[in-house]
Structures are given as structure tokens and as C-alpha cells.
Amino acid sequence: MIMYFIRTGSILFLCLFTYVLSAQNKPSIRWEPGLSFTKKVNSRWAYNISIMGRQRFTNYGEGEKNFKTDRWEIKGFGTYTLFGSKKISLGYMYRGYDPFEPETGYEHRITQQFAFLAKYGGLRLANKFRIEQRIRSFDYLTRLRYAVSTDFPLNGESLDEGEFYLIAGNELVYAFNAVGDELENRLSFGVGKLFKKGQKFQFQVVSRNSDLISNARDHILQFESVYYFSW
Amino acid sequence: MARFQLISILLFAFLLTFNFSVLAQNEGEKIEREVSIKKEEFPEKALKLASPILKKAKKTKYYKEISEAGDYFEFKSHYKGEKISVKFNDKGELIDIEIIRVLSDFPDNIQKAITQYFKENYEKYRLTRIQIQYNREQEYEDGELEIDDDDEYIEEFLEMDLEDLIIKYEIEAEVKTKDNDTGFFEFLFNDKGELEMKRIIISRADDNVLY
């Protein structure tokens, strides 16, 4: 089962890269580094806070260089665990746009989330539903998101210290406001390592195809690297 | 500027509130480290002993389990249409044999005793993994403790000589206590359906799939 996922994931990843390199319109290349801290208070409650930034390298289309830090953000979530590995969360995010540019912007985001996790041996499947209210300096937007992801250790059924794991997922994001709507698909594939109990690093590549319901297509290839602390 | 100061204060407060102390390990935690190994790394004595099972087994995977109690070796296979795991110590001596089952496979009195245990002790429960465990017979004869050797033990298992094997039931379950706590535990019941051991299962952190 795990080898099947590794093979399928690798093939998909190679296909994606081949497609990207040969595509007429080149994707925008970005990198998002981040830190995440999660405190499990008891068997029911957990809190998370994370800080992320985004570095843009190129624009979509001709692939011209556009080297700038286009945002930074701080997020907080409170999560309550229900019986049956179901979790409900409420989150708030503050995002600053173009922090080093003459004109900056901001966003306040409120998130409601319902997630349920299932385990099949070493493989874990997570389903995540989100509703977001995005209050931005220039407009307001509501988003509905559904994500499915799976991660599994590469050695045995349990993820032990010093071991690597793979993660893959897909997310659909539908955004709308009074002006219009937009559908985006985010396909991701990554690898992580548990350094020691409560500390892991994850690197993944996300292929974002946006504006799927209009002709104004956009493609972003985003590299994400996050160091997770949990205790 | 005021905005950055506010965020810095919030972050500092968060880090102070949630100090980085490592969680003390509770008594009865299931702490094991399992690594995949090649067949060649498995104790030769164990492979020889288990050869009647291995000959008929499919999709066999070999593991080394590192725990506080010592190192163990385990193979997991599909044997006669069932998922089997056979565990040995580092000397290649047989520890136990487990087969994945469903509760309805067990005798009525065992099903009833196990169900009653969960109903009496928990508000809610969900059985996530059920295994029958075949252990080596140990009995007193003429005042002396007689323990089956490895060959007798495996032979009794192959012949399904249930009178000469000690049966136990290993169950992993998610439970909700009457105090509204939830968690995953491993329970071991004896051949009468009485609880012998209970230990908490530490689940993998889900921060990377949740946030």
C-alpha cells in the first residue's frame, strides 16, 4: 500500500514537473517558510500558533523575475477534539501584504474548521472542511475549502524519531463575494522528518491552479518548508 | 509600528504560557520504535522456527522493535487469509503470535465480558483494532513450573491446539471517560475476558495535516 503511494506520488510529481517545464505559460515560483507551535492542553483541547512568510521569485506567464517578500502572517487556532477523531477549530489570522513596499495592505481572517482523521495501519487520512471570512484592506471575500491529505512513515507503521514520512494531498478552494467567484485546486506532495518527539520538519511542493471557472488561469508552484513544534 | 509591537507581545505571551517542557511520560505508555529490516537481519533461529508459517505466508514484512523492555523482532504476513504477526526476542525465541480478528469471532462469553468492561468503564468506546494472541503454555505439574519450548509452542499453534495455548485478546480502542476525557488505549484481556493490562497509545502529532 505504502509503496503504491510512493510510486504513484513520484510519477505524479514527475508528470507535474515535466508539464510545468514544457508549459507555454510558466508558473509563478514562490517559497513559504514557517514555524508552527502546537500545545496540547488536555485530551480535548489544543492550541496552535504559526508564523509564515512568502517570498516570490517569478511571475506567472513569461516567468519574469519578481523577487519580493509579498506577505507575512501570524495565525492562531483553538481546536476541540470530539469522539471519533473529529476535530473542530476556530482560527484567526493577521496577514500583512507587501511589507517592504511603499504601499502595504492587511487582512484579518476568521476560520471555522471541521476535520476528521482516519488511520489505516501507518497511513493516516485527514479530511478538512473550512469556511473563511477574509477581511482585506481592499475587499471582503468568503472562502469554502475542502482538503484531503494523507501522510505515512517510510519505515514501519509508526513514525519514530529520526524517521522520514511522505505527505500528499489535494484541496479545492471556492472563493466568492458580491463581485464574483473563483475556484482553485491545490495539489501537494512533500516529505518530512521527525527529528525528535514533538519536533519535525516538512518540505512540500504545492501546485496551485486558480481561476478554474474563468479564462483567467493562473498557475503557482509553491515550495513550503515548515518546522513544527508540538508538546 | 504599534501593530508589530502588539504581535510581538502576543507571541511572547504565547511562548511563556506554553513553556517548552517535554511532557512527562505517563506510566503505562506504549513506547515502541519500529523499523523495517531485511529478512537477512532477522534472527536465523526465529526464521527456522517460523518456517512452516513463512512457507505459506504472503506479503511478509520484517521489523525490529526497540522498546524500553529490550529489542524484539517481528514479522507481519498474510497467513491463510488472515493478518498474522509473530514476535521474537533478540535471541530468536518466540514471544507471541497475534492474528487480527473482529469481536464477533470470539466466544460469546468473551464478547460479553469485553463489551461489559467497556460499557461499565466508559461513556463511549470505539474498537479500532482487535487481535487474538496465542501465548505459550505455562503450568505447574507436580509442583514444578513447566513451560513449553519454542518447538512445542509453534506446533500447538499450527495444529490450533487451543487447550495447550494461552489465549489473550488485545484490543486498541478510542474511549471517552465519564469525566469527558478521550484517548486511545491498548487493552489486554485474558482467556476469561478479564482485563490484564491497559496502556495509553501516543498518537502521531496531527499539526501538519490540521493547520
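The notes below deal with the structure included here.

Within chain A one finds one helix and 11 strands. Traced from its N-terminal end to its C-terminal end, chain A shows the element sequence α-β-β-β-β-β-β-β-β-β-β-β. A compact globule built from 231 residues would reach a C-alpha radius of gyration of about 17 Å, and chain A, at 18 Å, matches this within 12%. The dimensions of chain A, computed from C-alpha atoms along their principal axes, are 45 × 40 × 30 Å. Relative to its full complement of 231 residues, chain A shows a buried share of 21%. Put simply, 48% of the contacts in chain A that link residues at least 6 apart link residues at least 24 apart.

All names here are of chain A. Taking strand neighbours around the barrel as the criterion, the 11 strands line up as β1-β2-β3-β4-β5-β6-β7-β8-β9-β10-β11 in a closed arrangement whose pairing is mixed. Pairwise comparison of adjacent strand axes, ignoring direction, gives a mean angle of 20° for this sheet. Both strand β8 (residues 164-176) and strand β9 (residues 181-196) contribute to a ladder of 13 bridges, which runs antiparallel. The residue of β9 that forms the bridge with N170 is L187.

Positive phi outside glycine occurs at A:D98, with the angle close to 45°. Mapped onto the fold, A:D98 is located in the loop between β4 (86-97) and β5 (105-120). Its identity is not glycine, yet B:K59 carries a phi of approximately 50°, on the positive side. For B:K59, the location among the structural elements is in strand β3 (residues 58-67).

Criteria and cut-off values
Residues numbered from 1 in each chain as written. Chains lettered and ligands numbered in written order. Predicted model: local features only at pLDDT ≥ 70, side-chain atom pairs only at ≥ 80, totals over all residues. Helix = DSSP H or I, 4+ residues; strand = E, 2+ residues; numbered from the N terminus. Rg over C-alpha atoms; globule rule 2.2 N^0.38 Å. Buried ≥ 20, exposed ≤ 12 C-beta atoms within 10 Å, placed from the backbone. Contact = placed C-beta atoms within 7 Å. Pairing = 2+ DSSP bridges. Axes fitted to C-alpha atoms, helices over the stretch in contact; angles between N-to-C directions.

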